[in-house]
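Residue-level listing of the chains:
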Amino acid sequence: MFGPIAETLETERLTLEPLEVGHADEMTEVLGDPELHVFIGGEPATLAELRARYRRLVAGPAPYHQEGWLNWVVRRKDDLLAVGTVQATVTPGAEGPQAAIAWVIGVPFQGRGYAGEAAAALTGWLRDHSVAGLVANIHPENLASAGVARRIGLHPTDQYADDEVVWRG
Ligand SMILES: CC(C)(COP(=O)(O)OP(=O)(O)OC[C@H]1O[C@@H](n2cnc3c(N)ncnc32)[C@H](O)[C@@H]1OP(=O)(O)O)[C@@H](O)C(=O)NCCC(=O)NCCS
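Rules and cut-offs
- For every chain, the first residue of the written sequence is number 1, and numbering continues from 1 along that sequence.
- In keeping with the model being predicted, local features are shown solely for residues with a pLDDT of at least 70 and side-chain atom pairs are shown and tallied solely at 80 or more, while totals for entire chains, interfaces and linings include all residues.
- For the side-chain quantities, the full set of heavy atoms in the structure was used; hydrogens and water were omitted.
- Starting at the N terminus, helices and strands are each numbered in turn, a helix being any DSSP run of H or I of at least four residues and a strand any DSSP run of E of at least two.
- Throughout, the radius of gyration refers to the C-alpha atoms, and the reference size of a globule is 2.2 Å times the residue count to the power 0.38.
- Throughout, a contact is declared for two residues whenever any of their heavy atoms are within 4.5 Å.
- Here, Shrake-Rupley sampling with a 1.4 Å probe gives the accessible areas, and only protein chains in the shown set may cover a residue.
- Only four residue types enter the charge count: Lys and Arg as positive, Asp and Glu as negative, with His and the chain ends excluded.
- A single reference atom marks each charge: NZ on Lys, CZ on Arg, CG on Asp, CD on Glu.
- Partly exposed residues are those whose accessible area sits between 20% and 50% of the maximum for their type, while under 20% is buried and over 50% is exposed, using a 1.4 Å probe and protein chains only.
- The span one expects for a helix is its residue count, reduced by one, times 1.5 Å.
- Side-chain rings of Phe, Tyr and Trp (the six-membered ring for Trp) are treated as a pair once their centres are within 6.5 Å; stacked means planes under 30 degrees apart, edge-to-face means over 60, and tilted covers the remaining angles.
- For the purposes of these results, a polar contact is taken to be a pair of N or O atoms within 3.5 Å, where, inside protein, one atom must be able to donate a hydrogen and its partner to accept one; residues adjacent in sequence count only when each atom of the pair is a side-chain atom.
- UniProt positions are given in the numbering used here, feature names are shortened, and annotations may be inferred rather than shown by experiment.
- Only strands that DSSP links by at least two bridges are regarded as paired with each other.

Q: Looking at this model, I keep getting lost on the overall build of the protein chain. Mind explaining?
A: When helices and strands are tallied, the protein chain shows four helices and eight strands. Each helix (α) and strand (β) of the protein chain, taken in turn from the N terminus, gives the series β-β-α-α-β-β-β-α-β-α-β-β. The C-alpha atoms of the protein chain give a radius of gyration of 15 Å, which matches the 15 Å a tight globule of 169 residues would have. Counting only C-alpha atoms and orienting by the principal axes, one finds that the protein chain spans roughly 40 × 35 × 35 Å. Within the protein chain, residue pairs in contact and separated by at least 24 positions form 61% of the contacts whose partners lie at least 6 positions apart. A total of about 9,000 Å² of accessible surface is found on the protein chain, and carbon and sulfur atoms cover 52% of it. Of note, the protein chain has its 13 positive side-chain charges centred 3 Å away from the centre of its 23 negative side-chain charges.

Shown next, in the form of structure tokens:
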């Protein structure tokens, strides 16, 4: 384990809840559309698969790994519906801790600024917890994700990770 421990975060319209295994039930439907996987690969998980994945994420990395796995479910305040997830993997860096960050918003909830709002809260919290560098890997055709990255102050670099552009900030 390395770095800060996830806390509940609040934005104007959203609550970011630290991930629990019990979130898998509602997230199976929120994340169930194959369209979500066009740029990130894979396919929708079944309830059993998502429960198993969340169990691994909540347990965190093996103690000898210098890594923190931080995951949140993004919930809308007005009707309490879960709309997506954000995550940060925190590791030591030469100039202080750094975080690899990512976001997913369910198809019915996209295009309303939720990813940008949640990512801004996530990155503000990470910076408040001494995370010095942020990185996100984004497929070059994933314009919505690039918009999220730009909103939180990341910039595309000329580096690639597989077929994704490495953004930093
Ligand atoms: C990427 C994703 C999280 C964006 O979620 P969202 O809540 O719809 O995003 P937002 O509404 O906050 O929009 C983000 C920005 O992208 C822009 N945008 C949204 N959809 C877009 C589209 N289809 N094409 C171009 N730009 C788009 C928005 O205008 C906004 O930019 P702005 O802040 O300059 O106005 C969502 O599309 C998703 O989950 N995709 C599948 C998983 C994925 O690709 N995750 C990212 C891995 S790096």
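Q: Would you mind going over unusual backbone geometry with me for this structure?
A: Backbone geometry follows two general trends: most residues other than glycine have a negative phi, and most peptide bonds adopt the trans configuration. The residue Leu-80 is not glycine, and still its phi comes out positive at about 65°. Note on placement: Leu-80 falls in the loop between β3 (68-76) and β4 (82-91). Despite not being glycine, Asp-162 has its phi angle at roughly 55°, a positive value. Inspection of the secondary structure puts Asp-162 in the loop between β7 (155-161) and β8 (164-168). Under the relative-accessibility criterion, Asp-162 is labelled exposed at 78%.

Q: Please explain helix α3 (residues 114-128) as it appears in this structure.
A: Here α3 is 15 residues long and its end C-alpha atoms lie 21 Å apart, about the 21 Å a rise of 1.5 Å per residue gives. Taken across its 15 residues, α3 has eleven buried, putting it largely inside the fold. For α3, the set of buried residues is Tyr-114, Ala-115, Gly-116, Glu-117, Ala-118, Ala-119, Ala-121, Leu-122, Thr-123, Trp-125 and Leu-126.

Q: For this particular structure, what's the right way to read the packing of aromatic side chains?
A: Each pair of aromatic rings is reported with the distance of its centres and the angle of its planes. For the structure on display, the rule yields one aromatic pair. Seen in terms of ring centroids, Trp-72 and Trp-125 are 5.5 Å apart; in terms of plane orientation they differ by 80°. Their pairing is edge-to-face. Separated by 53 residues along the polypeptide, Trp-72 in strand β3 and Trp-125 in helix α3 bring together distant segments of the chain. The two residues Trp-72 and Trp-125 agree in class, both being buried.

Q: In this structure, what is going on with the side chain of Arg-76? I would like to understand it.
A: If you trace the backbone, Arg-76 turns up in strand β3. At 3.2 Å, the side chain of Arg-76 and the side chain of Tyr-114 are in polar contact.

Q: When you look at the UniProt feature "domain: N-acetyltransferase" (unreviewed entry) in the protein chain in this model, what are you seeing that I'm missing?
A: Mapped onto this numbering, the UniProt entry annotates "domain: N-acetyltransferase" (unreviewed entry) at residues 13-154. Its end C-alpha atoms 23 Å apart, residues 13-154 is made of 31% helix and 27% strand.

Q: Please explain the pairing of β4 as it appears in this structure.
A: Every regular strand shows the same layout, with side chains that alternate between the two sheet faces. Among the ten residues of β4, eight are classified as buried, and the element is accordingly described as predominantly covered. Pairing of β3 with β4 involves eight bridges; the strand directions are antiparallel. Directly across from Val-73, in β4, lies its bridge partner Thr-85. Connecting β3 to the next strand, β4, in antiparallel fashion are five residues, including Leu-80 with a positive phi near 65°. In the sheet, β4 pairs with strand β5 (residues 98-105) via eight bridges, with the strands oriented antiparallel. Considered in β5, the bridge of Thr-85 is made with Val-104. Hairpin remark: β4 followed by β5, antiparallel, with six residues in the connecting loop; positive phi at Gly-96, about 120°.

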